[in-house]
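As a plain string of letters, each chain reads:
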Amino acid sequence: MAMADDDDPLLEYIKRYDIQIRSPIKLRRQLYAHAIDTIDNRLATQVGRISSEHLHQYASNLFLRQDASPQTSAVQSDTCVLEIRVFKAESLAPKDVAGTSDPYCILGISDTDLFMNPRSKKNNNNINHYYNVSVKHQTLSPEWNECIEIPITREQVERHYLHIQVWDYDEDESMASTIQSFKEVKGIRGMGRFVKEVAQTVGKKDSADDFMGYIAVPLKNIKLEGVERWYNLRSNSALENVSGRIRVALKVTCPHVLLTESHHPGKTHSVMNGQRLANGDLTNEEIYGGIVALVVGGRHNIYKDLMDVDESTESAVLDGWDGKLQSVDECLLQEMETQRRMDALTTVIIKWLIYCQEHIQLPDGIQMQRMTELLKALDAGNDAKDLMGKGFMPLLPVAGRPEKSIIFTFDRLPKSFDDFLRHCHRKIENHTKLYPVKGRDTITRLGELLICLRTLRESKSYLTAKLVDTNMFGSGDIKEDVSDSIRSGLHKLYDKMLEEHKIIVDANGGNKDDYHIPGMVKFIDSIHTSLINGRGYYHPVFKKVLKIDYMSVALSTICSRLASDFMEILPKVNQSILEEPDPVEEGSENKSTAMFQLYLSLQDFAAFIGELYGLDTPDGHAPILNSGIYKHIGALKDYHEWFRPTILRWLQMSRGRAIKRLSAAVKLDKVERIDDIAKHSSSSVDAIGCLTSVVTFWHQIKWPDAMDGFLIATRITEDISNGVELYADLVHEKLKAVGFFDDEGQFDVTEELCLALNNLEKVKCFLKDILREMKIEGFVEKLGSIEGAPPKEKTIDSFRCLVKNANDGMTKKIMEITSIVGSKMQPDISRYLGEYVKKVLKAISEKAPTSAYDSNSDEWENIGDDGIRPLMNYLTTNIITLKEWLCDVNFHILLNILWRVCVRCLREEVLTKQRNQRPEFFSLAKYILEDHLVGFFHAGGEGIEMDEMVSAEAYKAVELELKMKSASTEDLIRLFLCQMYDTQNSMQSSPFGTLNAKVWFNKNLNSLHVEVLSAKNLLPKDMNGLSDPFVEVTLMPKQLFPTLTPMQTAQVKKTVNPAWSNQKFTFNVKPDIAHREGASIVFTVYDYDLIGRNDVEGECVIPLISVDGLGKDGDTLARDLEMPLTQPTQTNFGLTREVSDSVLSSEGDAHSSTILDLLKSRMSFDKEAMEFCRWRRKLQDAVNPDDIGRKLS
């Protein structure tokens, strides 16, 4: 790929490092010639996967910018150098008597891998030359750390072996000294070694040293980069005691320069290796640096060209080239380093300087991971140089020594480090832009930058450079330096956001006091988002790599700026809002709404900060930052105080907006179901949505000051309650507008009416849960912990009272509407019942007399069924409509109302208008009530609960009166007598005196015996203050005892305490008749008057069922009975007594009608009723009211 001269990496290289060859073209050619020289002198055994032909082609392309055949060729040198580094051995076999050895090594080149003793005259021709390393005395794990260079030829590299033999050194000793060492013998093996040593001393010829093992390494297996490893020692024969291993490093090179002996004894000088190309005007470091510059620059340009082809490619790495060279690049550089004997530190300095400059100059740069590797290599190069300085040099050097670096020295590192540090810190300043949170590998790339920065600051090279140049960038604390860069970057980000969102509006001729509130909201949200991203992305990286609390630095920077700016801006904004006359006017409302959104944004921001510091966080969530640093956010803690002036405006706006929405919801309601399932229309949904927004407003505001929050909560609860009542009023008015409350016209149950009721009920249900939705109890609980707060129960009751009042208002509206439904249906119900009455009366008039009436006959029930059918059809039609359109609650309410209307109409049409009808008429009405109406409204459990219906007072009263009016005359008389006894029995004493008698029943004779004994404290009826009393004994009712006449006692003159003797009466009574309920003995006490009628002193009654001999115990012993007397005028009883064997019920309160009234109403057609009423009338007429009045007073 062609390249312009201005883009030539060599141009910058020449300028920066002052290379003597100023022409990039000329320099390229020379570099090319040296590259070809290097390529042609490669060892065939080290070519590997990259052939020399490939390298030639690559060099032509790299240096000459063309794919032509090489224009330069080099003469291949035959002399090579084998560099051997012997480090150590371990676990060697003991060869001395004491169990140790004195090992040393012999090194040599052989054409076979078989063992050859270099000291043997027989075998020394097989090893060209041998070299020794030093002896390490008395050890089985010697450490030599010695280096030897052996000159070899290319042919030897391909076919020969390196032999390293380990021997135990033994000095020449006499037999006497050998025997003297017997005292050092240890164990059986020691004895064996002693015997062997004596034998060797006696038969010693060539050498006394003991063989310990050897290795034979093929030279062709040694790669370009060399080999370093452990080799296990081999034995010469199976009889040899060999063990252990040896660690060596081997390297074969064809050096550019060799050392040769100088004319001065002991001195050497460098000469070219054969016909290899001389450096000329360039040094090795200049040549190597030029090649590195070309390689790095070329590869980087290729990367940039690829990125330019498709900038949107997902595979693009935004942090630049990864810095990795191709294998052909590495091969050429490694050959250069090896053949030129380049110093490791010099090569890494060259690479660092060139990579660093490339990284800084270009926008995309080089990935930090590569820069970190180079920094580590710098320290490793320094360590290698220190090691070389300690004498780890060849004992007999052959290859030329590395040149002393002149250009690429350590002195260049401080300036390079300074540039690199400033570049890195600029990246940290712009970390939000360069490492976007949604970018690919953001965390990884930022982490690599910080790791590289940390590696540099902790490296020996940096610390040394800092001593050389004290003005180099950076303080002694990397955390503080990075924190400063973060702060600087966040200040820039803050200013950028401030400008982007245009908070200050330039209006009115440059007036800067006009602020754009929505811009402030976006500004806060942008900052919040940035810090959230910082917590999730940047904070963990900075914390993990450099132990920096990124969020603490960010918050201390942002919050201080934010608080300072907004404390200046918001008072002016508040003032402009308060100057608006109408809080609901569109412009004012928009400002208030925007201000509230700003409050919410700051609230979320403050909550986010609180979460970071462990404030108000859920249980189990550990704080991210130390709470002690919370002071860094400064005045932002009291952000809510900035909005105090506008709270009232928010509340006014909330109320006004709710009123508007509620009015619009009712007005725009099309009064149709939302869907097939819902039984309400859109206005209830809109109303609930409107009121829910008020609840949401309460939850959103979360005013930090609890006492202020209590006032706000009260106001909001009141607004919600008022809103519910307003909605009910609006619905009510809408119904009124469509004529629902008009009395004119026929009434029909409409869907519009049902939906209106359902809407009210739905909103009412919403109101029921409003305190729970607002979480008032939790708020009050929190409020109670504050000093000076009102009592908890009192506070909650105040909220409940507000809701209750609104709920009662809603219930009242619902009941008002449903009651009107009932009242509008009442005329129809009354009309249908009136028609029923006419049909029944007509049927009764056409039937036989009362004696032929049977309430249980199908004929009479059919008359009732036919008569009530129109009403039931009318109710069914309307109830089906109501069931379909009304919700369950409203349906139940309206069902109850219609039930009460039906009961009320039945009472009016049957009991009031037809009060004097025959019992069969009322019996049919009772049948209609119980079998038709009750069953209809109960609907098998789907309608009104049975207990709820029958426990209603209106129902109980009607049912009782119908039972009484439908009862037979006999039943009524029996009930009357029972009630007489109940009244008498409940009296503890009587002002009219008492009567004593004995009553018993003889079962054998079926006779009832009565004996009147005495009376006490009777009323004085005569002028003398006394009376002439006698007693009349009567068995009642006459229907049970038609043949038995009343009996009288004798008169007792002039006394109020009479006593009778032998006044006994016998009545023939069958036991079954006596056991009938209501069968009684009535005692009437008279005052005999010669002229005129006898006056009644009083009366009392005894049920036969309680008489001795008829009772449950069956006792026939007559007991004295003392019975209080009552007056006939006191026994006009209501319908309250239950008779177990009758249809009468004792349940219910007294009705306006009495038993006598009922009997009197039948006198025109019932003889028994007429006789009983006449009897009671006669007794009542015989009572002197004045006597009773005086006695009672």
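Just above sits the structure.
The structure displayed is predicted, hence computed values, not measured ones.

Engineer: An account of the pattern of salt bridges is requested, with residue identities and associated values reported.
Structural biologist: Scanning all chains against the criterion turns up 49 salt bridges. The partner of E480 in a salt bridge is R487, and the shortest N-O contact between them spans 3.6 Å. Measuring nitrogen to oxygen at the nearest pair gives 3.2 Å for the salt bridge that ties E930 to K926. Note that E930 and K926 are positioned in helix α28 (residues 919-938) at a spacing of four residues, about one turn of the helix.

Engineer: Let's hear about unusual backbone geometry: which residues, and what values?
Structural biologist: With an omega of -5 degrees, the peptide bond between M1036 and P1037 qualifies as cis. As for its placement among the helices and strands, P1037 is situated in the loop between β15 (1029-1036) and β16 (1047-1048). Despite not being glycine, Q138 shows a phi value in the positive range, around 50 degrees. Residue placement: Q138 occurs in the loop between β3 (127-132) and β4 (143-153). Given the relative accessible area of 64%, Q138 is considered exposed. A positive phi is found at K1054, a non-glycine position, where the angle reads about 50 degrees. One can find K1054 in the loop between β16 and β17 (1064-1068).

Engineer: Can you tell me about the environment of S681, naming the residues and giving the values?
Structural biologist: Here S681 shows up in the loop between α19 (647-667) and α20 (682-701). Every residue in contact with S681, bar those within four places of it in the chain, is listed here: D669, V671, E672, I674, L755 and N759. Here the side chain of S681 touches D669 through a polar contact of 2.5 Å, side chain to side chain. At 2.7 Å, the side chain of S681 forms a polar contact with the side chain of N759.

Engineer: I'd love a proper account of the packing of helix α11 (residues 413-429) against helix α13 (residues 442-458), names of residues and values included.
Structural biologist: Running from N to C, α11 and α13 cross one another at 150 degrees; their axes reach a closest spacing of 11 Å. With respect to each other, α11 and α13 are oriented roughly antiparallel. Seen from above, α11 lies across α13 with left-handed handedness. Together, F417, F420, L421, C424, H425, K427 and I428 of α11 and L449, L450, C452, L453, L456 and R457 of α13 make up the contact between the two elements. In terms of residue class, the contact of α11 with α13 is made up of ten nonpolar, one polar and two charged.

Engineer: Account for the nonpolar core, with residues named and values stated.
Structural biologist: With 226 residues, the main nonpolar core has W352, L598, F605 and F937 as its most contacted residues. Here this core gets 18 residues from one element, more than from any other, and that element is helix α25 (residues 792-845). The next biggest cluster of nonpolar side chains, apart from the first, holds 63 residues, and it includes L977, L1019, V1101 and M1123.

Engineer: Account for the environment of M595, with residues named and values stated.
Structural biologist: On the secondary structure map, M595 appears in helix α18 (residues 586-612). On the basis of relative accessible area, M595 is assigned to the buried category, the value being 0%. Along the backbone, M595 and F643 are 48 residues apart, and their C-alpha atoms lie at a distance of 8.2 Å. In contact with M595, other than residues within four places in its own chain, are I517, L570, V573, N574, I577, F643, T646 and W650.

Scoring rules and cut-offs
- All residue numbers here refer to positions counted from 1 along the written sequence of the relevant chain.
- Residues qualify for local features only when their pLDDT is at least 70, as the model is predicted, and side-chain atom pairs are given and counted only at 80 or more; totals for whole chains, interfaces and linings, by contrast, use all residues.
- Hydrogen atoms and water are omitted, and side-chain values are computed over all heavy atoms in the structure.
- Should a side-chain nitrogen of Lys or Arg be within 4 Å of a carboxyl oxygen of Asp or Glu, the pair is scored as a salt bridge.
- In DSSP terms, a helix is any run of H or I states spanning at least four residues, a strand is any run of E spanning at least two, and both are numbered starting from the N terminus.
- Per-residue accessibility, obtained with a 1.4 Å probe over protein chains only, is compared with the maximum for each type, and a residue is labelled buried under 20%, exposed over 50%, and partly exposed between these values.
- The contact criterion used throughout is that any non-hydrogen atoms of two residues lie within 4.5 Å.
- Pairs of N or O atoms within 3.5 Å make up the polar contacts considered here, provided that, within protein, one atom can donate a hydrogen while the other can accept it, and that residues adjacent in sequence are counted only when both atoms are side-chain atoms.
- Orientation is described by lines fitted to C-alpha atoms, with helices fitted over the stretch in contact, and by angles between N-to-C directions that extend from 0 to 180 degrees.
- Comment on the angle field: the value is read as roughly parallel under 35 degrees, roughly antiparallel over 145, roughly perpendicular from 65 to 115, and oblique elsewhere.
- A clockwise turn of the near helix away from the far one marks a right-handed crossing, whereas an anticlockwise turn of less than a right angle marks a left-handed crossing.
- Following the grouping adopted for this structure description, the nonpolar residues are Ala, Val, Leu, Ile, Met, Phe, Trp, Tyr, Cys and Pro, the charged ones are Asp, Glu, Lys and Arg, and the polar ones are all others, Gly among them.
- Nonpolar cores are built from buried Ala, Val, Leu, Ile, Met, Phe, Trp, Tyr and Cys residues. Side-chain atoms within 4.5 Å join them into one set.

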